[in-house]
Amino acid sequence: MTDHQIALSDGRTLRSYDTGPADAPLTVVWHHGTPNLGTPPAPLLPAAARLGIRFVSYDRPGYGGSTPLPGRDIASAAADTAALADALGIERFAVLGHSGGGPHALACAALLPDRVLAAASVAGLAPYGADGLDWYAGMTDSGIASLRAAAAGRAAKERHQQDHGADYDCEFTPGDLAALHGVWSWFDTVVGPAVAAGPAALIDDDLAYTAPWGFDPGRIRTPVLLVHGERDRIVPAAHSRWLADRIPTADLRTRPDDGHISVLTTAEDTLTRLAARATR
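Read on for a plain summary of the structure. Everything numeric here is computed off the predicted structure, so don't read it as measured data.

### As for the overall build of the protein
Looking only at helices and strands, the protein has 10 helices and 8 strands in total. A globule of 280 residues ought to have a C-alpha radius of gyration of about 19 Å, and the protein, at 17 Å, matches this closely. Projected onto its principal axes, the C-alpha positions of the protein cover 50 × 45 × 40 Å. Sorting the 280 residues of the protein into buried and exposed places 56% on the buried side. Summarising the internal contacts of the protein: among those between residues at least 6 apart in sequence, 77% fall at separations of at least 24. In the form shown here, the protein has an accessible surface area of approximately 11,300 Å², with 52% of it arising from carbon and sulfur atoms.

Here it is, written out as structure tokens:
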């Protein structure tokens, strides 16, 4: 895997990652969760090689080697993804996001319809204030408090982060913890450095999740795969059900025994299904 610094037209830079090869039959752009760095998910690289997939990705603004963009919305991911693809000479691609990366992947599907072949959101959020969805229902108390602070604005979120920080283990199911202590211990390599760099990028993420996204998911016409664990209390499965009811091209697959992380134990199947939709 190689990494590059990509210069953007607004003066920012993106740190990008490329697993190659350039002539792979399909490129998938990975959109990471919160708080993570953007390196493609190592547990999926063997399946990607088998499927002929080139994984590329980038650190979202403020994470890792990417310039911060305070006030960014979810929609801004489309322009950054297009710039990444242009820099790497990629015309068309699929997108895959986990958790907070899910909305960013959907932004690409909505706003880059001529370039995105298919999209997948795994354990992803629905828009804040979505009509017909109790957005906080089923979340842990700590998650609700953190996101309510973000909804109250930057100052409130910064105070909450300073006072409470984050205790990630308390958010997870036993199945999630088993996954994190198994093959998905990969998260240690992307969460630790993201947290060590301070909370600014995490705060920008949470502010974006609790503000208007900048696009309507109901306008997506690209094939979309939604995958969610029914035991997820970080992002409850009702979020994906809401999206499935409104995205005409959506295929929803729920996992009754999975949580926010353990749902990734089926990610190889998700990647296979995404590739099939992208190559139809």
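### Considering the packing of aromatic side chains
Within the structure shown, the criterion is met by 7 aromatic pairs. Consider the rings of tyrosine 128 and tryptophan 135, whose centres lie 4.9 Å apart with planes at 80°: the pair is edge-to-face. Since its relative accessible area comes to 31%, tyrosine 128 is described here as partly exposed. Ring centres of tryptophan 184 and tryptophan 186 lie 5.9 Å apart, and the angle between their planes is 80°; this geometry places the pair in the edge-to-face category. Taken individually, tryptophan 184 and tryptophan 186 each receive the classification buried, so the pair is uniform in this respect. Among the aromatic side chains, those forming a connected cluster through ring pairs are Tyr128, Trp135 and Tyr136.

### Concerning the side chain of threonine 39
Along the chain, the position of threonine 39 falls in the loop between β3 (26-31) and α1 (45-51). A residue is classified by how much of its surface remains accessible, and threonine 39, at 16% relative accessible area, is buried. Setting aside chain neighbours within four positions, we find threonine 39 in contact with Met1, Tyr17, Trp30, Ser57, Trp186 and Val190.

### Structural notes on the packing of helix α5 (residues 154-164) against helix α8 (residues 200-209)
Look at α5 against α8: their axes get within 10 Å of each other, and the N-to-C directions meet at 130°. Judged on the interaxial angle alone, α8 and α5 are oblique. Crossing hand, α5 versus α8: right-handed. Contacts from Arg154, Lys157, Glu158 and Gln161 in α5 reach Leu202, Ile203, Asp204, Asp206 and Leu207 in α8.

### Focus: empty space enclosed by the protein
A complete count under the given rule lists 1 cavity of 30 Å³ or more for this structure. Size it by volume and the largest cavity reaches roughly 50 Å³. Around the largest cavity, the lining residues are Trp30, Leu44, Leu96, Gly97, His98, Val122, Trp184, Leu264, Ala267 and Thr270. Contributions of two or more residues to the lining of the largest cavity are made by β5 (93-98) and α10 (267-278). Sort the elements by how many residues they give to the lining of the largest cavity and β5 lands first, with 3 residues.

### Describing the environment of leucine 225
One can find leucine 225 in strand β7 (residues 224-229). Owing to a relative accessible area of 0%, leucine 225 belongs among the buried residues under this scheme. Taking C-alpha positions, leucine 225 is 22 Å from arginine 60, a pair spaced 165 residues apart along the chain. Those residues within four positions of leucine 225 in sequence are excluded, and the remaining contacts are Ala119, Ala120, Ser121, Asp251, Arg253, Thr270, Arg273, Leu274 and Arg277.

### Re the pairing of β5
Counting buried residues along β5, 6 of its 6 residues qualify, which places the element largely inside the surrounding structure. A two-sided burial pattern is seen for β5, the buried positions comprising Phe93, Val95 and Gly97 on one face and Ala94, Leu96 and His98 on the other. Alignment of β3 against β5, held across 4 bridges, turns out to be parallel. The residue of β5 that forms the bridge with tryptophan 30 is leucine 96. Pairing geometry for β5 and strand β6 (residues 116-122), over 5 bridges, is parallel. From the neighbouring strand, histidine 98 faces β6, where its bridge partner is valine 122. Regarding topology, helix α3 (residues 101-111) serves as the crossover connection from β5 to the parallel β6, and that connection is right-handed.

Reading the values: the criteria
- Residues numbered from 1 in each chain as written.
- Predicted model: local features only at pLDDT ≥ 70, side-chain atom pairs only at ≥ 80, totals over all residues.
- Heavy atoms only, no water.
- Helix = DSSP H or I, 4+ residues; strand = E, 2+ residues; numbered from the N terminus.
- Rg over C-alpha atoms; globule rule 2.2 N^0.38 Å.
- Buried < 20%, exposed > 50% of the residue type's maximum accessible area, 1.4 Å probe, protein only.
- Contact = heavy atoms within 4.5 Å.
- Areas by Shrake-Rupley, 256 points an atom, 1.4 Å probe, with all protein chains shown as cover.
- Phe/Tyr/Trp six-rings, centres within 6.5 Å; stacked < 30°, edge-to-face > 60°.
- Axes fitted to C-alpha atoms, helices over the stretch in contact; angles between N-to-C directions.
- Parallel < 35°, antiparallel > 145°, perpendicular 65-115°, else oblique.
- Left-handed = near helix turned anticlockwise from the far one by under 90°.
- 1 Å grid on protein atoms, 1.4 Å probe; cavity = no way out; pocket = protein on both sides within 12 Å on 5 of 7 lines; lining within 4 Å.
- Points joined across faces, edges and corners; volume = space filled by probe spheres on them.
- Pairing = 2+ DSSP bridges.
- Right-handed = clockwise from strand over helix to strand, strands pointing away.

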